[in-house]
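So you can see what is in the structure, the chains are spelled out below.
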Amino acid sequence: MPAKTARRAALAKAREFLASHLLIDGHNDLPWVIRRKTGGDVKAFRLDRAAAGRDTDIPKLKKGGVGAQVLAAFLPTEIAHPATVTLEQIDIVRRIEELHSDVFHPVRETADFGRARRAGKIGSILSVEGGVGLENSLAPLRMWHALGMRVMTLCHNGALDWIDSATDRPRHNGLAPFGVSVVQELNRLGVLIDTSHASPK
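Thresholds, definitions, all that
- Residues numbered from 1 in each chain as written.
- Predicted model: local features only at pLDDT ≥ 70, side-chain atom pairs only at ≥ 80, totals over all residues.
- Heavy atoms only, no water.
- Core = buried A, V, L, I, M, F, W, Y, C linked by side-chain atoms within 4.5 Å.
- Buried < 20%, exposed > 50% of the residue type's maximum accessible area, 1.4 Å probe, protein only.
- Helix = DSSP H or I, 4+ residues; strand = E, 2+ residues; numbered from the N terminus.
- 1 Å grid on protein atoms, 1.4 Å probe; cavity = no way out; pocket = protein on both sides within 12 Å on 5 of 7 lines; lining within 4 Å.
- Points joined across faces, edges and corners; volume = space filled by probe spheres on them.
- Nonpolar A, V, L, I, M, F, W, Y, C, P; charged D, E, K, R; others polar.
- Salt bridge = Lys/Arg side-chain N within 4 Å of Asp/Glu carboxyl O.
- Phe/Tyr/Trp six-rings, centres within 6.5 Å; stacked < 30°, edge-to-face > 60°.
- Lys NZ or Arg CZ within 6 Å of the ring centre and 35° of its normal.

Q: Quick question: what am I supposed to make of the nonpolar core here?
A: Generally speaking, a soluble globular protein has its nonpolar side chains buried in company with each other. Of all hydrophobic cores here, the largest spans 40 residues; its most connected members are Ile-96, Leu-141 and Met-149. In terms of residue count, the dominant contributor to this core is helix H5 (residues 82–99) (5 residues). Val-70, Val-107, Ile-125 and Val-151 belong to the second largest nonpolar core, which has 5 residues in total.

Q: When you look at the layout of surface pockets in this model, what are you seeing that I'm missing?
A: Rolled over the atoms, a probe as big as a water molecule pinpoints where empty space is left. Considered as a void within the structure, the largest pocket measures approximately 180 Å³ in volume. Contributing to the lining of the largest pocket are Asn-28, Asp-29, Leu-30, Val-33, Arg-36, Lys-37, Phe-45, Gly-53, Arg-54, Asp-55 and Thr-56. The element contributing the most residues to the lining of the largest pocket is helix H2 (residues 30–38), with 4 residues. Counted by class, the lining of the largest pocket contains 3 nonpolar, 3 polar and 5 charged residues.

Q: Would you mind showing me how to read the pattern of salt bridges here?
A: Opposite charge on two side chains permits them to pair, given that their charged atoms come into close proximity. Inspection of the entire model under this criterion finds 11 salt bridges. Here Arg-115 and Glu-109 are joined by a salt bridge, their closest N and O atoms 2.8 Å apart. Residue classification places Arg-115 among the partly exposed positions, given a relative accessible area of 34%. Overall, Glu-109 belongs to the partly exposed group, its relative accessible area being 44%. Here Arg-142 ties to Glu-185 by a salt bridge, and the two come within 3.1 Å at their closest N and O atoms. Of this pair, Arg-142 sits in helix H7 (residues 139–147) while Glu-185 sits in helix H8 (residues 177–189); the two residues are 43 residues apart in sequence, bridging distant segments of the chain. Shared partners join several salt bridges into a network, and the residues in it are Arg-54, Asp-57 and Lys-60.

Q: Any chance you could explain the packing of aromatic side chains here in plain terms?
A: Centre-to-centre distance and the angle between the planes together describe a pair of aromatic rings. Scanning all chains against the criterion turns up 2 aromatic pairs. Summarising the aromatic geometry, the rings of Trp-32 and Phe-74 are spaced 5.3 Å apart at their centres and angled 85° between planes, so their arrangement reads as edge-to-face. Here the residue Trp-32 occupies a position in helix H2, and Phe-74 occupies one in strand S2 (residues 68–74), the gap between them amounting to 42 residues. Each member of the pair, Trp-32 as well as Phe-74, is classed as buried. The residue whose ring lies beneath Arg-54 is Phe-45, and the NZ or CZ to ring-centre distance is 4.3 Å.

Written out as C-alpha cells, the structure reads:
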C-alpha cells in the first residue's frame with residue numbers, strides 16, 4: 001500500500017475511534033498564553049481564528065477531535081500577589097467559556113461530559129496549576145472550587161511552604177502537615193489532584 005494511502009487509512013481509523021471515544025487533553029496553558037499576549041484580553045486573542053505559531057485555537061481543537069480540554073489557571077511560583085493572579089487566571093478560563101459558549105461547555109460534574117458531547121461542544125475543565133496562590137490557607141481552595149476548579153496541580157517548579165517540587169531542593173520530605181490538609185480538603189471537595197511537578201516523595 002502506498003504511503004499516502006496508508007496515512008489516509010490511518011487517519012480515517014483514528015477519526016472513527018474519536019467518534020465513539022472521548023479524547024481529553026489533560027493540560028493546556030492557554031490562559032497564561034492569553035495573559036502574556038494580550039494582558040488577559042480573551043476577545044483580543046481571537047481564539048476562534050486559526051493562527052500560525054500558536055499551539056491552541058478553536059479550529060485546531062476541532063480538527064484534532066478534542067472532546068474535552070483541561071484549561072490551566074497557571075502561574076509561576078515566584079510571582080507577586082499570587083492569590084490575585086490565580087483569580088485572574090481563573091477569570092480568563094471563565095471568560096473563554098463565556099465568550100465562546102457556542103464551542104465550550106463548562107465541565108463541573110461528570111454528567112457535563114455527556115452534555116458537551118451531545119451538544120457537539122468541547123468540554124472545558126478548569127484547573128489551577130500551582131498552590132502558591134493559597135498563601136498557606138485552605139479557604140481559597142473552597143473559593144476556587146466554587147468558581148469551577150475541578151483539577152489542581154499542587155505545585156510547579158519551586159517548592160512551597162508545604163510541598164516539595166521535583167525540580168527544587170526538598171524541604172519537607174514530600175508534604176508538610178499543611179500539605180496533607182490541602183490533599184484532604186481537595187479529596188473532600190472532589191477535586192482531581194494532578195501530581196505533575198511534585199517530588200517523588
